[in-house]
Amino acid sequence: KQRAQFAGNVFQVQTTEGRSVIAMSTAALHAFRPDQRITIQKYTQIVESPLSLIEGIEGASARCMMAGIHLPKN
């Protein structure tokens, strides 16, 4: 059930300030059990966004949207 709600399609990144954040869709966030969310938040900040349109049309989510972006380092 969690996989069907894109809980495996998350992407952990480091901000320019050096903080760790994990990007996921709202559907993925709600698919995690409360104890799983607490464990994730011990190690990183969760950043979620409603991506239901992308998930419904493309069958992809946050990781797929972000992983292909390769920006040059400044």
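In what follows, the accompanying structure is described. (Residues numbered from 1 in each chain as written. Predicted model: local features only at pLDDT ≥ 70, side-chain atom pairs only at ≥ 80, totals over all residues. Heavy atoms only, no water.)

**Focus: the sheet that holds strand S3 (residues 45–49)**
Where strands meet in a sheet, backbone hydrogen bonds hold them as pairs that are either parallel or antiparallel. Spatially, the 3 strands line up as an open sheet ordered S1-S2-S3, and their pairing is mixed. Two strands in the sheet have a free side with no partner beyond their single neighbour: strand S1 (11–14) and S3. On average, adjacent strands in this sheet sit at an angle of 30 degrees to one another, irrespective of strand direction. Summarising the sheet, S1 and strand S2 (residues 20–25) pair through 4 bridges and their orientation is antiparallel. From the neighbouring strand, Val13 faces S2, where its bridge partner is Val21. (Pairing = 2+ DSSP bridges. Helix = DSSP H or I, 4+ residues; strand = E, 2+ residues; numbered from the N terminus. Axes fitted to C-alpha atoms, helices over the stretch in contact; angles between N-to-C directions.)

Just distances and angles here, no functional claims.
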